[in-house]
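As a plain string of letters, each chain reads:
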Amino acid sequence: MTSEGNEIKLIGAWPSPFVMRVRIALNLKKLGYEMLEETFKKSELLLKSNPVYKKMPVLIHDGKPICESMIIVEYIDETWTSDGASILPSDSYDRAIARFWTAYIDNKIPDAISKLRPMVRGSVEAEAEAEKLVATLQVIEEAFEKCSKGQSFFGGNNIGYLDIALGSCLAWIKALEKMVEIKILIKEKIPGLVSWSERFCAHDAVREVMPETDKMVEFAKVLLSVMATTPAN
Amino acid sequence: MAEKEVKLFGNWASTYTLRVEWALKLKGIEYEYVNEDIPFNKSEELLRLNPVTKKIPVLVHNGKPLAESLVIIEYIDDTWTKGYSIMPKDPYDRAQARFWAKFADDKCMSAMYSVSTSSGEAQQKMLQEAREAFQILEQALGSKKFFGGDQIGYLDLAITLLAFWIPILEEIVSVSMVDNENAPLLKEWFTRILDVDMIKTSLPPRDKMYELSKQRREQFFSGQI
C-alpha cells in the first residue's frame, strides 16, 4: 500500500537477478510499487532515468531515480526504517563484511553466469567453467558459516543484504544446471549454501519474484537468439 | 605488548590506501601503519588477514580485519560517529555518492588504465571513451566546491586518486584526458582537492610516482607485467 508522497516505481524485467534484488527488498519492507516491465528494446523512461549505464533496475521514488541494484537495496533499507525487517546488519562491522562479500559476489558471479549461458551442454568447456563457479561458491560457503553463526541465513534469522545479493543469482544458476547439463549446487562441496538456497527460495519475500527454472530456461533460449542477432549495446 | 586499536596495512604508492588514511585523519583516529611490499612480497600477516583477495588496504580494528577501501571508509564513518561526517546524511544523497564512487572505480579508473596501456588507434578509441567518462563524472560535481559540498566527503575521498593520477599519466602518454573542453569543472576540482592540506601533505612525491608509473608502463609493454 503506497501512501501519498511515497510513490514507488521500479523499472525492470522478471528474469533479471538485479531487478529481483530490489523486489525482494521492497517485499521485506512490505512496500507497494508499480512494476514497469522492460522488453528487449529499452524504454525512453529507462534511458532517461539511468543515462549513465542505461540499465535496469532503476527505482523511482517520488520522481527521483536511484540506480545499481545493491545501492537501491541500501537506499530502501535507509529510507523505510520502521517498515518491515532491517536489511543491513545492525552492527557496523557486520555491515562492512556484508558489503565486502557483496562486492566479491558481483565481481565473480554475473560474469560466470554470462560465460556459461551460451556454452554447449555437457562440453569440456562448460565443465571447466562450472568447476570455477563451484570454487567461488566454496569460498562464499566459508563466509556463510561465519556470517550466519549457525542461523538460517547470512543475515541471521531473516534474510538480509548478503542473502539478497547471492540468492538473486539462484534462478540463473538452477537454469544453467538444466540448460548446460552441469552441476553447481553440489551438496558434497557446498552443503551450507545448498540448504541455504532452499530456505532462501522458500522465503515469503522471495517466492513470488523467483522465476521457476523451466521459465528461466525458456527465457534463456530467447535471450541467446536475441543476442545472436542484435549488435551489442 | 598491547595491540594498537587500529592498524592499517597499505603501500606508500597505493592511492586506495590513501583513501582510508584520509578517512582516519578526518576522524582524528590514531592508527599504526604497516607498509606492505606489494605485489610480490606480501607479509604472512596480510595474507592471513585478507585471504580472499590478498590485497591492501586492510584495516584491523580491535583485531577484526576489513578489506576494500570504500567499504572501509563507510565502516569508519559508521563506527566513529562523533566528529567529521564523511558520508552524506540523507539516504538519497548517500545512494548518489555510492553510485558515483562505483562509477569512478568501475569506469574512470579502468578508462585511465586503458589509455595508458594502449597505443595507436586503440589508444585513440580508449582516450575518447575516457574523455566521455570524465565528462559524465563532472555531473556529480556540478558547480559545488567539492563533491561533498562545502566540505570534502566520501566522494571526494574516493575520486581524489584520479586528480593525482591523471595529470601524471597525461604527461607520460602525451594525451589530454581532462581539460577545459570536456570537463572544466572537474579540472578545477583537481586543483582544489590537491590543495587541501591533509591531502597535499600525504600524497606520495609526484616525481617518484611519475618514475614508478613510467616504469610500470614500460614493464607492461615489454610483457613483464
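Within every chain, residues take consecutive numbers counted from 1 along the sequence as written. Here every chain gets a letter starting at A, and every ligand a number starting at 1, in the order they are written. Since the coordinates come from a predicted model, pLDDT governs what is reported: local features require at least 70, and pairs of side-chain atoms require 80 or more to be given and counted, while whole-chain, interface and lining totals use all residues. For side-chain calculations, the full set of non-hydrogen atoms in the structure is used, while hydrogens and water are omitted.

**A short note on the overall build of chain B**
Here is step 1: Per the convention used, a helix needs a DSSP run of H or I reaching at least four residues, while a strand needs a run of E reaching at least two, with both numbered from the N terminus. Looking only at helices and strands, chain B features nine helices and four strands.
Here is step 2: Atoms counted for the radius of gyration: C-alpha only. Globule rule: 2.2 Å times the number of residues to the power 0.38. For 225 residues, the compact-globule estimate of 2.2 N^0.38 gives 17 Å, and the C-alpha radius of gyration of chain B, at 18 Å, lies within 12% of that figure.
Here is step 3: Overall, the C-alpha framework of chain B stretches about 55 × 45 × 30 Å when taken along its three principal axes.
Here is step 4: For this analysis, residues touch if any pair of their heavy atoms sits within 4.5 Å. Summarising the internal contacts of chain B: among those between residues at least 6 apart in sequence, 70% fall at separations of at least 24.
Here is step 5: Positive charges come from Lys and Arg, negative ones from Asp and Glu, while His and the chain ends are left out of the count. To locate a charge, the coordinates of NZ of Lys, CZ of Arg, CG of Asp or CD of Glu are taken. Side chains of chain B carry 28 positive and 33 negative charges; the gap between the two charge centres is 2 Å.

**Describing the nonpolar core**
Residues and elements named next belong to chain B.
Here is step 1: Leu162 and Met177 are the most contacted members of the largest nonpolar core, which totals 169 residues.
Here is step 2: Among the elements that make up this core, the one with the highest residue count is helix α6 (residues 154-173) (15 residues).
Here is step 3: Domain boundaries shown here were taken from an automatic or database domain assignment. When we break this core down by domain, the ones giving at least three residues each are domain 1 (6-79) and domain 2 (91-221).
Here is step 4: With residues near it in sequence (within four places) discarded, Met177 still touches Met112, Val115, Leu127, Ala130, Arg131, Phe134, Ile166, Leu169, Glu170 and Asn182. Residues belong to one nonpolar core when they are buried, are Ala, Val, Leu, Ile, Met, Phe, Trp, Tyr or Cys, and are joined through side-chain atoms within 4.5 Å. Using a 1.4 Å probe on the protein chains alone, a residue whose accessible area is under 20% of its type maximum counts as buried, one over 50% counts as exposed, and one in between counts as partly exposed.

**A closer look at the packing of helix α1 (residues 15-27) of chain B against helix α3 (residues 69-79) of chain B**
All names here are of chain B.
Here is step 1: Here, axes are lines fitted to C-alpha atoms. For helices the fit covers the stretch in contact, and angles between N-to-C directions go from 0 to 180 degrees. In the contact formed by α1 and α3, the axes pass within 9 Å of each other and the chain directions differ by 10 degrees. As judged from the angle between their axes, α1 and α3 are roughly parallel. Of α3, the residues touching α1 (which contributes Tyr16, Arg19, Val20, Ala23, Leu24 and Lys27) are Ser69, Leu70, Ile72, Ile73, Ile76 and Asp77.
Here is step 2: By residue class, the composition of the contact of α1 with α3 is eight nonpolar, one polar and three charged. For classification purposes, an angle smaller than 35 degrees is called roughly parallel, one larger than 145 roughly antiparallel, one from 65 to 115 roughly perpendicular, and anything else oblique. Residues are grouped as follows: Ala, Val, Leu, Ile, Met, Phe, Trp, Tyr, Cys and Pro are nonpolar; Asp, Glu, Lys and Arg are charged; all remaining types, including Gly, are polar.

**Considerations on the environment of Glu37(A)**
All names here are of chain A.
Here is step 1: Position of Glu37 relative to the elements: it lies in strand β2 (residues 34-37).
Here is step 2: For the pair Glu37 and Leu10, spaced 27 residues apart in the sequence, the C-alpha separation amounts to 8.2 Å.
Here is step 3: With sequence-adjacent residues up to four places away left out, Glu37 is seen in contact with Gly12, Ala13 and Trp14.
Here is step 4: A 3.5 Å cut-off defines polar contacts: any pair of N or O atoms within that distance qualifies, except that in protein one atom must be a possible hydrogen donor and the other a possible acceptor, and neighbouring residues in sequence count only when both atoms are side-chain atoms. Engagement of the side chain of Glu37 in a polar contact is seen with the backbone nitrogen of Trp14, the distance being 2.7 Å.

**A look at the interface of chain B and chain A**
Where the parts come together, the accessible area they lose is often given as the size of the interface.
Here is step 1: Listed by partner, the interface residues are 26 residues for chain B and 22 residues for chain A.
Here is step 2: One side-chain nitrogen of Lys or Arg within 4 Å of one carboxyl oxygen of Asp or Glu is enough to make a salt bridge. The interface formed by chain B and chain A holds seven salt bridges in total.
Here is step 3: The salt bridge partner of Glu74(A) is Arg98(B), with a shortest N-O separation of 3.1 Å.
Here is step 4: Counting across the chain B and chain A interface gives nine residue pairs in polar contact (both at pLDDT 80 or more).
Here is step 5: Looking at the side of chain B that touches chain A, the elements with two or more residues in it are β4 (64-67), α3 and α4 (91-116) of chain B.
Here is step 6: The element contributing the most residues to the side of chain B that touches chain A is α4(B), with twelve residues.
Here is step 7: Residues of the side of chain B that touches chain A, tallied by class, amount to 13 nonpolar, four polar and nine charged.

**Thoughts on the layout of surface pockets**
Here is step 1: Grid points spaced at 1 Å and placed over the protein atoms alone form the basis of the search, with a cavity being a set where a 1.4 Å probe fits but cannot get out and a pocket an open set showing protein on both sides within 12 Å along at least five of seven lines. Lining residues have an atom within 4 Å of a point. Grid points are joined across faces, edges and corners, and a volume is the space filled by probe spheres set on the points. Taken as a whole, the second largest pocket spans an internal volume of roughly 840 Å³.
Here is step 2: If you trace the second largest pocket, you find 38 residues lining it, with Ile97(A), Trp101(A), Ala143(A), Lys146(A) and Cys147(A) closest to the centre.
Here is step 3: Residue assignment for the lining of the second largest pocket shows that the elements contributing at least two residues are α4 (92-116), α5 (124-148) and α6 (161-167) of chain A together with α2 (44-49) and β4 of chain B.
Here is step 4: Considered class by class, the residues forming the lining of the second largest pocket number 22 nonpolar, ten polar and six charged.

**Describing empty space enclosed by the protein**
Residue and element names in this part refer to chain A.
Here is step 1: One pass over the structure, following the stated rule, counts one cavity of 30 Å³ or more.
Here is step 2: Taken as a whole, the largest cavity holds about 60 Å³ of empty space.
Here is step 3: Those elements giving two or more residues to the lining of the largest cavity turn out to be α7 (170-179) and α8 (191-202).
Here is step 4: Residues of the lining of the largest cavity, tallied by class, amount to eight nonpolar, one polar and no charged.

**Regarding the packing of α4(B) against helix α5 (residues 120-141) of chain B**
Residue and element names in this part refer to chain B.
Here is step 1: Where α4 contacts α5, the two axes come as close as 8 Å, and the packing angle between them is 155 degrees. As summarised for this structure, α4 and α5 are arranged roughly antiparallel, according to the angle between their axes. Pair α4 / α5 crosses with left-handed handedness. Two secondary-structure elements touch here, α4 through Trp100, Phe103, Ala104, Cys108, Ala111, Ser114 and Val115 and α5 through Gln123, Met126, Leu127, Ala130, Ala133, Phe134, Ile136, Leu137, Gln139 and Ala140.
Here is step 2: Considering only residue class, the contact of α4 with α5 consists of 14 nonpolar, three polar and no charged. When the near helix sits turned anticlockwise from the far one by under a right angle, the crossing is termed left-handed; a clockwise turn instead gives a right-handed crossing.

**Things to note about the UniProt feature "domain: GST C-terminal" (unreviewed entry) in chain A**
Here is step 1: Per the UniProt entry, the sites bearing "domain: GST C-terminal" (unreviewed entry) are residues 91-219 of chain A in this numbering.
Here is step 2: The distance separating the terminal C-alpha atoms of residues 91-219 of chain A is 40 Å; by composition the span is 70% helix and 0% strand. UniProt positions are given in the numbering used here, feature names are shortened, and annotations may be inferred rather than shown by experiment.

**Description of the sheet that holds β4(B)**
The pairing of strands in a sheet happens through backbone hydrogen bonds and is either parallel or antiparallel.
All names here are of chain B.
Here is step 1: Two strands are counted as paired when DSSP detects at least two bridges linking them. The strand order across the open sheet formed by four strands is β2-β1-β3-β4, and the pairing between neighbours is mixed. Both edges of this open sheet fall to β2 (32-35) and β4, since each of them pairs with a single strand only. On average, each strand axis in the sheet is inclined to that of its neighbour by 20 degrees, with strand direction left out of account.
Here is step 2: As paired strands, strand β1 (residues 6-10) and β2 are joined by four bridges and run parallel to one another. Paired with Lys7 across the strands is Glu32, a residue of β2.
Here is step 3: Lying over the sheet, α1 contacts β1, β2 and β3 (58-61), oriented at roughly 155 degrees with respect to β1.

**What to know about the domain arrangement of chain B**
Residue and element names in this part refer to chain B.
Here is step 1: Segmenting chain B into domains produces domain 1 (6-79) and domain 2 (91-221).
Here is step 2: A C-alpha centroid distance of 22 Å is found between domain 1 and domain 2.
Here is step 3: If you look at the interface, domain 1 gives 13 residues, while domain 2 gives 21 residues.
Here is step 4: Once two parts are put together, the accessible area they lose, assessed with a 1.4 Å probe and summed over both, is termed the buried area. Roughly 1,700 Å² is buried in total at the junction of domain 1 and domain 2, and carbon and sulfur atoms are behind 69% of that figure.

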